[in-house]
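In case you want the letters, here they are:
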Amino acid sequence: MFAARRGIRGAGKYTVGFSGSLTDLGLGDIFQNISASRMTGTLHVTGPRERCHIYFRDGEISMAAWPGEAQRPTHHASNRSLVSLVSGRDDESRAFIAEMADGIRRRIYEVFAWTHGEFDFVANPPSRDLFPEEQMLAALALDVEPILMEAARRTDEWSRVHQLIRDYRDVYRQAKAPVEPFPEAARAREVYDLIDGRRDVTAIIDTLSDDRFTVCRAMAELVQAGWIAAVSIEDRLGLSRAALKRGDHAMAIRIMIGVIDATPGAAHLHADLAALYIAVGDPASAARCHMNAACIYFDNDEPEEAAVALRTAADHVPEDVPLRTEIYTLLVSRNLHTQATAHGIELARLLEANDKLDRARTIYLELLQHNPSDPQLLEGRADCEVRLGQTRDAIRIYGTLAREAAKRDDVTRQRDLIERILDISPTHAEAIRMRADLDASVAARRRKTRTRTRTAAVWGLGIGLVAYLAAYEWMARSALAALQEKNASLVSQGRFSVALASFDVLRKAYPFSLARMECGILIEKLARGRLESVENVVRVPDATQTLDDLQRITGLAISGDVFDRTRRQISRIQAQLRIDELVATIDHPQSLAALRGYTDPIGLPLIETLLDHGDPRVRVAAMEPLVALRDYRAIPALLERLADREESVREGANKALQRLTDHRPDDTSYEHWIAWWRQDGEARFKDLAIGAR
């Protein structure tokens, strides 16, 4: 049933432990065994996706913790220290300890629902790294028998609940409006009110701060009665993307895992999940996702896609020996020898770096069965043999590789291999002869090369110089002609930066050509055209790309007026991005205050457009900088806001007009202001509005 072990802990003190599989021995039997034997130690239980630690003292449960999960603190509003709160005998202390004990019981009930996993009991003192401080101080003693009875009752009901609520990552929506009679399960009404089509089961459990059994039982009855229904796979994908967008990576990952469980054959979903793990800084989990995707690709007879997924997994955790070994084994089992060789070499080198030379040599030998003449594999094996002390095989391999390098006329490689042999055996006769032959061959080649070089230099200097100058100018002109045609297409596609950069590269590549001057003219022309397209609009579309284009222009040799105009437009676009950021985050009090206090005159045209924004807060906030900067051109737009459907906007417009025009009428109606503008205001502020720009 389970494996027992005996070891020494401390000075001459023996402790006993045992371990096994939950499939062979249930948790009920394990708890009864510990209780009956009055054991003291920690039981580590690993389930399908969770792990828990339960500490027993003399056969009674004292503490429980779930690593990787935020511990739910026992609620207490007192300012007392944990020591006084746990050791006290008043009502508050008793309530605190009772709530802590109840929380431990409820979580242990959930563990009994795990039918697959591993367990490991270690008879040792409790670890402060595993258990919360309040549990360490409380020293609870919970009787096992009542917990077993309640867990058995819940386990029977869990099977029915799990038929309806299959996964804690599922998302549900309300299926109909509440009418009587309402399901009678505990928490049913509270659970129903939290069902919004966005929260998953885990989020609802966390919101209610209740145990999973109670919440899932209530949801099961709601599903059975038709009050709630599961959200579709497509909608759950949308929820995952929405959670990622708002920065809730944990929710996005949970929902995506649930979607994958519901559609196990979708490889692309594993890649999406991997991207989420990368976003939270968990490359190991991301690599595992790509491994799962590769297995699906293999099952779908798509080996090329599988190879790409495995390469991505390896790149995520390049130093993970177990994962790299798994990738290599998978490729070998699929007879993908080319990919297996590449991954095998990387794995072998990683093993060598970790001093696992026997395993590295085994991999080289396995790969050489399919690629017996591969120089990388031969050299890797030889290096392993040297480090393992098998110099005879290493010398033989280095000699073979040196002769192959000589056939390819690879002098550097040949010399390196010969030197390796001589480092192992300085008196090796064949290596000494090979080095002497190589030195003689290199010397003869150098003499021959010098003679040919002198002859070529004498005869070709004059002709070469003339030909070079002619070819230089011809190449510059040809390159410019081809580049002009290509850049015309790039500009039409909106790829202005690429076109501009290519002209600048060509200009630098041919500094002594007439084409350089023409490149400068073309750069100036492109810059002016791009600048005019920006100057002629109030709101610049694709502001980020446009800002990049203009900044690239300022880094080139352009005329002074173009440079000044470009810097002004850069400032205007930066103002637009700032204003757009404030509007996008208008719910944040600092953003609203920053919009009200905006003082950069260059952004006034954009501020004026905000008077037509859909959010009344934005419309009101935009009036402040218009008044502060005395933007008289905004008076007609402010007059239109006097007829706004929102009272706050109308009041803001009236106050802004009074401050901007110094006209403070008793009648603040829209009709009065319009009449005043036509009779007096338009003529009065026309010249001032022109001067404001």
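Structure first, text after, so check above.
Structure report, in brief.

Definitions and limits used
- Residues numbered from 1 in each chain as written.
- Predicted model: local features only at pLDDT ≥ 70, side-chain atom pairs only at ≥ 80, totals over all residues.
- Heavy atoms only, no water.
- Helix = DSSP H or I, 4+ residues; strand = E, 2+ residues; numbered from the N terminus.
- Contact = heavy atoms within 4.5 Å.
- Areas by Shrake-Rupley, 256 points an atom, 1.4 Å probe, with all protein chains shown as cover.
- Phe/Tyr/Trp six-rings, centres within 6.5 Å; stacked < 30°, edge-to-face > 60°.
- Buried < 20%, exposed > 50% of the residue type's maximum accessible area, 1.4 Å probe, protein only.
- Lys NZ or Arg CZ within 6 Å of the ring centre and 35° of its normal.

Before going further, it helps to examine the overall build of the protein chain. Looking only at helices and strands, one finds 30 helices and eight strands in the protein chain. Once the C-alpha set of the protein chain is aligned to its principal axes, its extents read approximately 115 × 100 × 50 Å. Taking the contacts inside the protein chain whose residues are at least 6 apart along the sequence as the reference set, 60% of them involve residues at least 24 apart. With the model as given, the accessible surface of the protein chain reaches about 37000 Å², and the carbon-plus-sulfur share is 53%.

In the structure shown here, the tally under the stated rule is 10 aromatic pairs. Their ring planes at 20 degrees and their centres at 5.3 Å tell us that phenylalanine 18 and phenylalanine 121 sit as a pair that is stacked. Placement of phenylalanine 18 in strand 2 (residues 13-21) and of phenylalanine 121 in strand 6 (residues 118-122) is noted, with a sequence separation of 103 residues between them. Note on accessibility: phenylalanine 18 and phenylalanine 121 belong to one class, buried. Geometrically, the ring pair formed by tryptophan 676 and tryptophan 677 is tilted, given 6.3 Å between the ring centres and 45 degrees between the ring planes. Each member of the pair, tryptophan 676 as well as tryptophan 677, carries the same accessibility label: buried. Positioned above the aromatic ring of tryptophan 66 is the side chain of arginine 107, whose terminal nitrogen or guanidinium carbon lies 4.4 Å from the ring centre.

Looking at where glutamine 376 falls in the secondary structure, it is placed in helix 17 (residues 375-388). Put simply, glutamine 376 and glutamate 646 are 270 residues apart on the chain and 76 Å apart in space, counted from C-alpha to C-alpha. Apart from residues lying up to four places away in sequence, glutamine 376 is in contact with Ile345 and Arg349.

Here leucine 368 lies in helix 16 (residues 357-368). Expressed as a C-alpha distance, the spacing of leucine 368 and phenylalanine 496, which sit 128 residues apart in the sequence, is 52 Å. For leucine 368, the residues in contact, after removing those within four places along its chain, are Asp374, Leu377, Leu378 and Arg381.

Nothing here speaks to function; it is geometry throughout.
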